[in-house]
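Observations on the model geometry
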Protein chains: 2
Amino acid sequence: MKATVYNFGAGPAKLPIPVIRKIQEDFLDFKNMGSSVIEISHRSKEFDDLLCETDELFKEAVSLPDNYRVLYVHGGAQMQFSAIPINLIGRKPARKAFYYESGNFARIAAKEAQKFGNIVIAGNSSDTNYDRIPEFKPADIDHEASYVYITSNNTIFGTRWHEFPDTGDTPLVVDATSEILSRKMDYSKLGLLFAGAQKNLGPSGIAMVIIREDLLEYAPADTPKLLHYKLYDEKHSLANTNNTFAIYVINLVLKWLKDEGGVERIQEINEKKAAFLYDYLDGTDFYKGHAHPDHRSIMNVTFNLPSQELLDLFLKQATEVGLTALKGHRSVGGARASIYNAMPMEGVEALVSFMKEFEQKNG
Amino acid sequence: MKATVYNFGAGPAKLPIPVIRKIQEDFLDFKNMGSSVIEISHRSKEFDDLLCETDELFKEAVSLPDNYRVLYVHGGAQMQFSAIPINLIGRKPARKAFYYESGNFARIAAKEAQKFGNIVIAGNSSDTNYDRIPEFKPADIDHEASYVYITSNNTIFGTRWHEFPDTGDTPLVVDATSEILSRKMDYSKLGLLFAGAQKNLGPSGIAMVIIREDLLEYAPADTPKLLHYKLYDEKHSLANTNNTFAIYVINLVLKWLKDEGGVERIQEINEKKAAFLYDYLDGTDFYKGHAHPDHRSIMNVTFNLPSQELLDLFLKQATEVGLTALKGHRSVGGARASIYNAMPMEGVEALVSFMKEFEQKNG
C-alpha cells in the first residue's frame, strides 16, 4: 500500500477514512450477530433499526420538512432518469416537463424522459461544451409543466447551479448526485431531489430519493414495481431486498458527517478546499480551468494542461506520488479533481503543491 | 462474537467464510490501489479486469454455451419480474406468457407481468399452500407463447423443480435465485435464467441474468434504459455505475466455488446436507416437514413444531447456541433452514444435534 493516497476519482469516490476503517472492523461480526452486515436479513430487527436511524440522520442533516419522504432506490441515479418521468409526468394532462441541459447527465436524463412524455429543453450550454449553467428565465416555464429538471452539480464539467431556480408552483426536480450533503439546501423549495450514492453518500448501486409526499400520487398503474416511488414509501424501501450494504455505509457516512459538524461545517470546509485550488488555477497560465468562473463547482474542479504530452506526464507523475484518479472525463478531456466531502484539506494542499512543482519543472 | 455461528437465514444469506475474510483483509487496499474496492472507478482497468474474470469464472462454473450472455443487473430478482415481460413478451404478437405459480415469488412475478401482457397461470399449487410443484403438461403451452416462466426453487416453501420442463421452441425463463450454482443445470435448454445475488452469489442489490442472445431483440423502444437487457449486453453491464461491491463479492464467491471443486462437487455436498436433515425429519413425528417429499428443495428445508409455544422456544434456544435465523416465512410459518452452498456439513450436523436434543427434552 502506498504511504498516503489521495483519491480524486469522480465516483465511485473516496469515502471518509473512519468510515472505511469501521466497515473493516465490523465486517466479521455486525452488531454481535456473528455474521457480516451483508449476511443478515433485511427484515431483521437489527437492519430495521439501522434503516430507521439512517432516515433520522439524513433528515437531521438536511433539516428535512415533515412533508418529504426519504427513499432508498435501486439502480443508482440513472434508473431515476426513467423513474422520474414515469412517476411525475402525469401530474398535468400535457405530460410535459422542462429540462436544463447543463451537461452529459442532464442530456441523458432528458433523452430518457422523452420515452415517457413531451420534454422541452428550456436551456442548453452544449455550444460552449457545458462550461456554464444555462440561463433560467421564469417566463419560459408554462403552467402545463409537470416539473422542471436540473442537474445541480455537473460532475464531468465542474459547474453548478449556485442558486436553484424558483419554479413557482411547478415542482423542481434536482439531480444532486455529485453534491448532496456538501452545502446547505432548502429542501422546502424542492419537489424531488435524488442522488446516486457513490460520491458523497456511500457505495454504488443505490440512490436516495427525497420526494414531497403529494408527488407520490401520479405514477400510472403499469409502472414497473421497483420504479414506483409510492411503493418504496409504503414499504420503507423494502418492497424487495434492498442493497443492505449500501444503506449500512450511508448510515456510517451520515454519522461521520454529524461528528464533523454537519452540512453547515462541511460546506465551510468544501468552500475552503475549492477556493484554495481555484485561487491557484487563477494565478497561473500553465493550467486552464474548463468551467466559467461564475459557474464553478466546489466538488469537481476541471482543468487542462498546455499539451496532451504534458497532461499524460502530469497524470502519471501524480499517480506515482499517491494523487490518483485525476484523469478528466473523455467529453471534456484534461484533468479533474473531485473533492467531495471525504477529501480532506490536506489532499487539496498536496495536489496544489504537486501542481506547482510540476509547473516549475515543465512550464 | 459468539464462538461459532451457523446462520440459516434465507437471504441475504451466509457467505463462505474465506470470502468474508478476504473482503475484510482487502478492504483498506484493493489491488494495491490505496483505496477500498468501493472507492474505485467502475471504468478503471482494475475493475474491468475483475468484471471480465467474473464472467469467465461464471461461464466455466456452469459450462455456459457461447450463445448466452452474462449480465449484472440492478435491483435484485424482483426488478426482473418487470424486466422479463418488458424484454420478452413482444417475441410473439399475442404478447402471451405462461407462468407456473409454485410459490409467493412466482405469484408476485405473474402479477407484475400482467402489467405488460397476457399472462396465463398454467399451473398453481396455492390450494396446498405451495407444498409441491404444479404439474407441467406440454399440451398446455401453445405456440403463441412468448415464454414459459418457472421459479426453480421456492425459498419460502422449500420446494423445487427437480427437472426443468421441456418447453420445446418456447423459451423457458427460470428464476433460480435461491439455487443458482447449487446443482448442475443444462443452460442450453434455457431461454433466460436469473438470480438475485443474496443467496448463493453475494450481497443484495444486484441480480445476474443469463440470456440466450436471440432474446435480446424484443424490448420496445420505450423500455426504461436500465431494464433493457440489450443495453446491459452492449455496455458490459456498465451503462451506468453498477453495484461494484456486489460484483467484487460475486467474483470471490466464484473463486471459492472453483477451489471447492465446482458445481458438480458442491451439488454432492448439498445433496448430502439436505439428505441428512430430511432423513432426520422423516424419522420423527415431532417435527413436520412442509414440502411434499417428492418436491423437496435441497436449499431450503421447511418444518414445523407441534405448537407455537414450542416453535418460539425452539427458535430462541437455537439462537442462543449460535444456530441463527431459523424462523420460517410468515406465509408458511414454522421453521426454515436455508442451507445454501456456503453452509458447511458441520452446520447441518449441529442443527440436527440440536433438533434431536430439543425433541428429547420437549417431545
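As the structure is a computational prediction, the values presented were derived from the model and not from experiment. (Residues numbered from 1 in each chain as written. Chains lettered and ligands numbered in written order. Predicted model: local features only at pLDDT ≥ 70, side-chain atom pairs only at ≥ 80, totals over all residues. Heavy atoms only, no water.)

1. Some points on the domain arrangement of chain A
All names here are of chain A. When its domains are assigned, chain A resolves into domain 1 (19–259) and domain 2 (262–362). Using C-alpha coordinates to define each centre, domain 1 is positioned 27 Å away from domain 2. Carbon and sulfur atoms supply 53% of the area buried between domain 1 and domain 2, which totals about 2,200 Å² over both sides. Ranking the residues of domain 1 by area buried against domain 2 places I156, G158 and S182 at the top, with a combined share of 20%. One salt bridge connects K184 with E264, and the closest N-O pair in it is separated by 3.9 Å. Across the contact surface, domain 1 and domain 2 share 16 residue pairs in polar contact (both at pLDDT 80 or more). Residue assignment for the side of domain 1 that touches domain 2 shows that the elements contributing at least two residues are β6 (153–154), β7 (159–160) and α6 (244–260). The element contributing the most residues to the side of domain 1 that touches domain 2 is α6, with 3 residues. Looking at side-chain class alone, the side of domain 1 that touches domain 2 contains 9 nonpolar, 12 polar and 8 charged residues. (Domains from an automatic or database assignment. Buried area = accessible area lost by both parts, 1.4 Å probe. Salt bridge = Lys/Arg side-chain N within 4 Å of Asp/Glu carboxyl O. Polar contact = N/O pair within 3.5 Å; in protein donor to acceptor, adjacent residues only side chain to side chain. Helix = DSSP H or I, 4+ residues; strand = E, 2+ residues; numbered from the N terminus. Nonpolar A, V, L, I, M, F, W, Y, C, P; charged D, E, K, R; others polar.)

2. Notes on the packing of aromatic side chains
Geometrically, a pair of aromatic rings is defined through the distance of the ring centres and the angle of the planes. Residues and elements named next belong to chain A. Across all of its chains, the model carries 39 aromatic pairs over all chains by this definition. Both rings, one in Y99 and one in Y149, keep their centres 4.4 Å apart while their planes meet at 15°; by these two values the pair is stacked. Pair noted here: Y99 is in strand β3 (residues 96–101) and Y149 is in strand β5 (residues 145–151), with a separation of 50 residues, a long-range link. Aromatic rings pair up to connect Y280, F286, Y287, F303, F314, F354 and F358 into one cluster. (Phe/Tyr/Trp six-rings, centres within 6.5 Å; stacked < 30°, edge-to-face > 60°.)

3. A closer look at the nonpolar core
In terms of nonpolar packing, the biggest core is built from 117 residues, with I23 and F245 of chain A together with I23 and F245 of chain B touching the most fellow members. Setting aside its immediate chain neighbours within four residues, I23 of chain B contacts F27 and I38 of chain A together with F245, Y248, V249 and L252 of chain B. By size, the runner-up hydrophobic cluster in this structure holds 66 residues, among which are L71, I86 and A109 of chain A together with V73 of chain B. (Core = buried A, V, L, I, M, F, W, Y, C linked by side-chain atoms within 4.5 Å. Buried < 20%, exposed > 50% of the residue type's maximum accessible area, 1.4 Å probe, protein only. Contact = heavy atoms within 4.5 Å.)

4. What about the interface of chain A and chain B?
On the side of chain B, 55 residues touch chain A, which itself brings 55 residues to the contact. Across the chain A to chain B interface the summed buried area is about 4,600 Å²; carbon plus sulfur atoms make up 58%. Put simply, chain A and chain B have 0 salt bridges between them. Seen at the junction of chain A and chain B, the total is 21 residue pairs in polar contact (both at pLDDT 80 or more). Elements supplying a minimum of two residues to the side of chain A that touches chain B: α1 (17–26), α3 (76–88), α4 (104–113) and α6 of chain A.

5. A look at the environment of I133 of chain A
All names here are of chain A. Take I133: it is sitting in the loop between β4 (118–124) and β5. The spatial distance from the C-alpha of I133 to the C-alpha of L192 is 20 Å, given a sequence separation of 59 residues. Excluding residues that lie within four positions of it along the chain, I133 makes contacts with S102, N154, T159, R160, W161 and H295.

6. Notes on the pattern of salt bridges
Residues and elements named next belong to chain B. Throughout the structure, instances matching the rule amount to 40 salt bridges over all chains. Its salt-bridge partner being E53, residue K255 comes within 3.0 Å of it at the nearest N-O pair. With K255 in helix α6 (residues 244–260) and E53 in helix α2 (residues 45–62), this pair connects stretches of sequence that are 202 residues apart. K255 sits in the partly exposed class, given a relative accessible area of 31%. Look at E53 and you get partly exposed, because its relative accessible area is 33%. In this structure, K361 and E357 form a salt bridge, with 3.9 Å as the shortest nitrogen-oxygen distance. Here E357 and K361 lie together in helix α9 (residues 345–362), a separation of 4 residues that amounts to about one turn. E357 gets classed as partly exposed once you look at its relative accessible area, which sits at 44%.

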